[in-house]
Amino acid sequence: MKSIFPRINNTTLDIKKNTRVISLINELKVKGILPIEELKYIIENISQNECQELFYIANMVKEKYYKKKVYLRALIEVSNYCKQGCFYCGINRDNKSIKRYRLSSSQIFDSVKNAYNLGYRTFVLQGGDDPLLSDEFIADILIKIKNIYPDTRITLSLGEKSQESYDKLKIAGADRYLLRHETASFKHYMHLHPRDMFYDNRIKCLHYLRGSKYQVGTGMMIGSPFQTSDSLVSDLMFLYKFQPEMIGIGPFIHHHDTPFKDYSDGGLYETLVMVALARIIVPKALIPATTALGSIISGGRELALKAGANVLMPNLGPEDKRELYSIYDNKITISDSDNEFKTKLENKLIKEGHIVDYSVGDHIDLEGVK
Ligand code: SAM
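Nothing here was measured: the structure is a model prediction, and the numbers come from that model.

Go over the site of the ligand with me, naming the residues and quoting the values.
Around the ligand lies a shell of 19 residues, among which Tyr88, Asp129, Arg180, Glu182 and Ile253 are the nearest. The separation between an oxygen atom of the ligand and a polar side-chain atom of Glu182 is 2.5 Å. In the environment of the ligand, a nitrogen atom lies 2.7 Å from a nitrogen or oxygen atom belonging to the backbone of Ile253. Expressed as a share of its isolated accessible area of 560 Å², the protein-covered part of the ligand is 93%. Considered class by class, the residues forming the shell around the ligand number ten nonpolar, five polar and four charged.

Written as structure tokens, this is what we have:
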């Protein structure tokens with residue numbers, strides 16, 4: 001990956017840089033944030049020698065609030081239709097080569113039912129910005145789910161909407177909303193999106209969601225084309241100021257049918273560093289170990305769970321649709337049956353010292369509020 005993290009693959013110890021990076025990480029833990037130049041110093045000078053210390057501190061911060069728990073959420077990818085033209089995304093409107101699908105309300109409900117029976121108590125309904133997934137259509141599903149399973153939480157991740165739409169969906173039963181800001185640099189945003197998409201609107205939507213009383217998630221890709229250490233520092237400052245309840249961070253991975261098909265993918269260590277820094281800067285956030293991390297390297301998600309992440313979102317949507325939600329190349333899809341996968345996953349997590357938690361798993365400040 002470019003030279004945003006120029007020293008990340010260094011294994012030879014540079015004592016002077018090592019000492020400064022470690023002391024800045026410790027200062028960050030105490031103060032919660034650092035001046036821009038110091039955050040930039042960490043990003044530009046961290047090597048694998050200091051990563052272990054960073055991951056250790058991030059993990060301690062996580063354990064302070066969430067102990068050794070890993071929250072499990074059932075991800076259901078409801079539609080790959082999208083009206084947006086994000087240059088990085090394989091399901092963007094201009095990709096004419098993919099087969100599009102939209103789950104019916106009974107397919108969504110059946111996936112929820114299956115997930116509930118397996119023990120999941122949070123369902124994440126994610127999809128492209130699909131105009132045919134109307135507020136009424138989604139609201140009806142939310143009402144039905146909450147009527148039958150009142151002891152659950154529903155997270156939506158359906159893109160940019162109006163304040164009225166977010167309000168309606170909240171009232172119908174949605175609890176949380178994931179909307180990554182993608183980048184906190186206006187210039188970088190312009191490189192990633194076509195002219196009819198607006199940075200200001202993305203940020204406005206995050207404020208709408210706050211206004212509608214959702215638990216709000218945001219985040220960014222690491223290693224996306226045109227990203228710089230300055231834009232990454234802006235991301236960290238944005239996270240600090242916004243204090244989201246959830247933060248999704250994963251590597252950019254190219255998709256062969258997008259304008260970014262020839263760009264290289266984000267790296268493992270670069271992504272883990274940003275996950276760990278985000279944990280220290282927003283200590284109580286719920287942070288998933290993303291599928292994208294597991295897709296660039298087997299075991300990537302497990303490493304994130306030791307670097308500050310505390311959520312896993314296995315795909316519980318219909319098996320025959322999982323491959324169609326191809327936002328990037330070589331996305332991992334689970335071939336085991338859901339039950340077998342569940343047992344394997346649980347055993348693996350327990351073996352690595354985690355506590356598997358299927359409860360609703362609200363943000364710590366909201367526990368018991370409902
Ligand atoms: N439409 C909704 C939205 O815009 O928030 C949710 C679906 S969108 C596909 C979910 C996330 O996938 C995006 O926020 C983006 O960060 C991530 N994503 C898209 N293309 C990606 C790629 N090529 N590599 C890694 N992550 C990608």
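Resuming the write-up.
An account of the environment of Ile141 is requested, with residue identities and associated values reported.
In this fold, Ile141 is placed in helix H5 (residues 135-148). Along the chain, Ile141 and His255 lie 114 residues apart, while their C-alpha atoms are 31 Å from each other. Look past the residues within four positions of Ile141 in its chain and what remains in contact with it is Ser105 and Ile108.

Could you give an account of the sheet that holds strand S7 (residues 246-251), naming the residues involved and the relevant values?
Each strand in a sheet pairs with its neighbour through backbone hydrogen bonds, running either in the same direction (parallel) or in the opposite one (antiparallel). With parallel pairing, the six strands of this open sheet are ordered in space as S2-S3-S4-S5-S6-S7. Where the open sheet ends on each side, the last strands, each with one partner, are strand S2 (74-79) and S7. Sheet twist, expressed as the average angle between the axes of neighbouring strands with direction ignored, equals 20 degrees. Bridging between strand S6 (residues 215-222) and S7 involves six bridges; their strand directions are parallel. The partner of Met221 across the bridge, within S7, is Gly250. Sheet contacts for H5: strand S3 (122-127) and strand S4 (153-157); angle to S4, the most-contacted strand, approximately 160 degrees.

Describe the pattern of salt bridges, with residues and values.
Counting across every chain of the model gives 23 salt bridges. For Arg210, the salt bridge goes to Glu245, with nearest N and O atoms at 3.4 Å. Of this pair, Arg210 sits in helix H8 (residues 199-211) while Glu245 sits in the loop between helix H9 (229-242) and S7, placing them 35 residues apart in sequence. Residues Glu302 and Lys348 are paired through a salt bridge, measuring 2.9 Å at the closest nitrogen-oxygen approach. Linking Glu302 in helix H12 (residues 300-304) with Lys348 in helix H13 (residues 338-351), this pair joins segments that are 46 residues apart in sequence.

Just give me the short version of the packing of H9 against helix H10 (residues 268-281), but keep the residues and values in it.
The N-to-C vectors of H9 and H10 enclose an angle of 30 degrees; their axes lie 9 Å apart at closest approach. Comparing the axis directions of H9 and H10 gives the class roughly parallel. The two elements H9 and H10 cross, and the hand of that crossing is right-handed. In this structure, H9 contributes Leu232, Leu236, Leu239 and Tyr240 to the contact, and H10 contributes Met274, Leu277, Ala278 and Ile281. A breakdown of the residues in the contact of H9 with H10 according to their chemical character gives eight nonpolar, no polar and no charged.

Cut-off values and rules
- Residues numbered from 1 in each chain as written.
- Predicted model: local features only at pLDDT ≥ 70, side-chain atom pairs only at ≥ 80, totals over all residues.
- Heavy atoms only, no water.
- Near = heavy atom within 4 Å.
- Polar contact = N/O pair within 3.5 Å; in protein donor to acceptor, adjacent residues only side chain to side chain.
- Areas by Shrake-Rupley, 256 points an atom, 1.4 Å probe, with all protein chains shown as cover.
- Nonpolar A, V, L, I, M, F, W, Y, C, P; charged D, E, K, R; others polar.
- Helix = DSSP H or I, 4+ residues; strand = E, 2+ residues; numbered from the N terminus.
- Contact = heavy atoms within 4.5 Å.
- Pairing = 2+ DSSP bridges.
- Axes fitted to C-alpha atoms, helices over the stretch in contact; angles between N-to-C directions.
- Salt bridge = Lys/Arg side-chain N within 4 Å of Asp/Glu carboxyl O.
- Parallel < 35°, antiparallel > 145°, perpendicular 65-115°, else oblique.
- Left-handed = near helix turned anticlockwise from the far one by under 90°.

Shape is all these values report; function is a separate question.
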